[in-house]
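Spelled out from the first residue to the last, the chains are:
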Amino acid sequence: MKHILFMLFTVLAVVMEASGNEFTLAQDSKLFNETGYVKGITTARLIGIVELLLGLASVIFAIRSKKRLSVKNAKIALVLGLLAIVFSTVHFITAAGAVFGSGSGKAGAILAFVLGVAGVVLSRSALRRQKLHS
């Protein structure tokens, strides 16, 4: 639980730091830039990165739970994986009209979805394995 809180605080600090320095590109821009290609971190890309980190944390916790037969880590991985799937699905739906490279975070949402599914599958496998061993 301490690791999850540390990760969330770290992500929040990165978001706050980036929002103070990097996002002065356009005052009237929307969340998703549909007009052309952009460089750097946009708000939507940052959201995609956070979703990607949720999916990656899910896979890491699932692998740790399989190695150590830990039900707690498997449940954490399952929750993180489901959060990554839900958030990335919502992100992908809202960025449906944007093209890749427009700063919409679509690529991060797709990778977060894949990692979230992998985390859920691995955590279910770890929970099933734990059930067989007990």
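Residues numbered from 1 in each chain as written. Predicted model: local features only at pLDDT ≥ 70, side-chain atom pairs only at ≥ 80, totals over all residues. Heavy atoms only, no water.

Asker: Mind showing me how you'd approach the overall build of the chain here?
Answerer: A tally of regular secondary structure across the chain gives four helices and zero strands. Listing the helices and strands of the chain from first to last along the sequence gives α-α-α-α. For the chain, long-range pairs separated by at least 24 residues make up 73% of all intrachain contacts whose partners lie at least 6 apart in sequence. Counting every atom, the chain has about 8,500 Å² of accessible surface; 70% of that belongs to carbon and sulfur. (Helix = DSSP H or I, 4+ residues; strand = E, 2+ residues; numbered from the N terminus. Contact = heavy atoms within 4.5 Å. Areas by Shrake-Rupley, 256 points an atom, 1.4 Å probe, with all protein chains shown as cover.)

Asker: Teacher, can you tell me more about unusual backbone geometry here?
Answerer: Even without a glycine there, the phi angle at Leu 69 is positive, about 55°. Secondary-structure assignment places Leu 69 in the loop between helix H2 (43-68) and helix H3 (71-94).

Asker: Explain the nonpolar core here, please?
Answerer: In globular proteins that are soluble, nonpolar side chains generally tend to be buried together. With eight residues, the main nonpolar core is built from Leu 54, Ala 57, Phe 61, Ala 62, Ile 76, Ala 77, Leu 80 and Ala 84. Listing elements by their share of this core, those giving two or more residues are H2 and H3. Residues within four places of Ala 77 in sequence aside, it is in contact with Ser 58, Phe 61, Ala 62 and Ser 123. (Core = buried A, V, L, I, M, F, W, Y, C linked by side-chain atoms within 4.5 Å. Buried < 20%, exposed > 50% of the residue type's maximum accessible area, 1.4 Å probe, protein only.)

Asker: Can you walk me through helix H4 (residues 106-133) in this structure?
Answerer: Side chains three or four residues apart in an α-helix point the same way, a direct result of the helix having 3.6 residues per turn. Between its first and last C-alpha atoms H4 spans 41 Å; for 28 residues at 1.5 Å apiece the expected length is 40 Å, and the two agree. Where H4 is concerned, the buried positions are Lys 106, Gly 108, Ala 109, Ala 112, Gly 116, Gly 119, Val 120, Ser 123, Ala 126, Leu 127 and Gln 130. Its buried side turned inward, H4 meets H2 and H3. (Expected span 1.5 Å × (residues − 1).)

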